[in-house]
Amino acid sequence: MKHAGIIAGIVLAASSIVATGALAKGPGHGPQVTFQELDADNNGEITKEEMQAHRKARFAKADADGDGKLSLEEMQANAEERAKARAGKMMERHDANKDGFLSEDEMPKPRKAGKFFDRMDADDNGSISEEEFAEAKARMQKHGKWGKGKGSKNKN
């Protein structure tokens, strides 16, 4: 299909447009949006207008008092609503025995935890020294994947 590449690009761009600074959860954690949500007229194509309308609708939903601005309280309420929805979806997806609880065995396993450890363990000795940790942190900060000052005594 000739439009497949264009559509894929639009969907990727949509996530950045929809994820306004006020509503963003942080780096790499913007709101998830489907093609169908953006394609308001269901014609199989997304227009700029549809993307802008979706963004405005998300903002309007968060703007509880309708004053055209988001207060801290409105942002917190919106974030809480989204967190509750994500937790509900996680429970549905991972509660294998449907008892309403997630045991440690049912929790999703980190997909890259082993690789992440191996990359940090530069000398392959099975442990991570403070120096290896600091080097990995510096690499990640350079690429915007680690917030400054998190997880270390060394605040940069």
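Up top is the structure these notes are about.
So, here's what we can say about the structure. The model shown is predicted, which means the values in this text are computed figures rather than measured ones.

1. Here's the deal with the overall build of the protein
Scanning the protein for helices and strands turns up six helices and zero strands. Starting at the N terminus, the α and β elements of the protein follow one another as α-α-α-α-α-α. Here the contacts in the protein between residues at least 6 apart in sequence split such that 28% fall between residues at least 24 apart. If you sum the accessible surface of the protein, you get close to 11700 Å²; carbon and sulfur atoms cover 56% of it.

2. A closer look at the side chain of E74
Among the structural elements, E74 can be located in helix 4 (residues 72-94). Of the side chains bearing the opposite charge, K69 lies closest to the buried E74, which forms no salt bridge; the N-O distance is 9.0 Å. When residues no more than four places from it in sequence are discounted, the contact partners of E74 are A62, D63, A64, D65 and K69.

3. Observations regarding the pattern of salt bridges
Scanning the entire structure with this criterion turns up two salt bridges. We note a salt bridge from E81 to K61, for which the minimum N-O separation is 3.0 Å. Here E81 is found in helix 4, whereas its partner K61 is found in helix 3 (residues 48-62), with 20 residues between them in sequence. A residue is classified by how much of its surface remains accessible, and E81, at 41% relative accessible area, is partly exposed.

4. Looking at a positive patch on the surface
Taken together, the side chains of R111, K112, K115, R119 and R139 present a region of like positive charge at the surface. Of note, R139 is situated in helix 6 (residues 130-142).

Reading guide: rules and limits
Residue positions are given per chain, counted from 1 along the sequence in the order it is written. Thresholds applied to this predicted model are a pLDDT of at least 70 for local features of residues and 80 or more for the giving and counting of side-chain atom pairs; totals over whole chains, interfaces and linings are not thresholded and use all residues. Excluded from the side-chain calculations are hydrogens and water; all other atoms, namely the structure's heavy atoms, are used. Numbering of helices and strands starts at the N terminus; helices are DSSP runs of H or I of at least 4 residues and strands are runs of E of at least 2. Pairs of residues are marked as contacts when any of their non-hydrogen atoms sit within 4.5 Å. The protein chains shown are the only cover counted for residues, whose accessible areas, like all others here, come from Shrake-Rupley with a 1.4 Å probe. Any residue under 20% of the maximum accessible area for its type is buried, any over 50% is exposed, and the rest in between are partly exposed; the area is computed with a 1.4 Å probe on protein chains only. This count recognises Lys and Arg as positive and Asp and Glu as negative, with His and chain-terminal groups excluded. Any Lys or Arg side-chain nitrogen found within 4 Å of a carboxyl oxygen on Asp or Glu counts as a salt bridge. Each patch is built from residues that are more than 30% exposed by relative accessible area and take part in no salt bridge. Like charges join if they lie within 9 Å; nonpolar side chains (Val, Leu, Ile, Met, Phe, Trp, Tyr) join within 5 Å. To locate a charge, take atom NZ for lysine, CZ for arginine, CG for aspartate or CD for glutamate.

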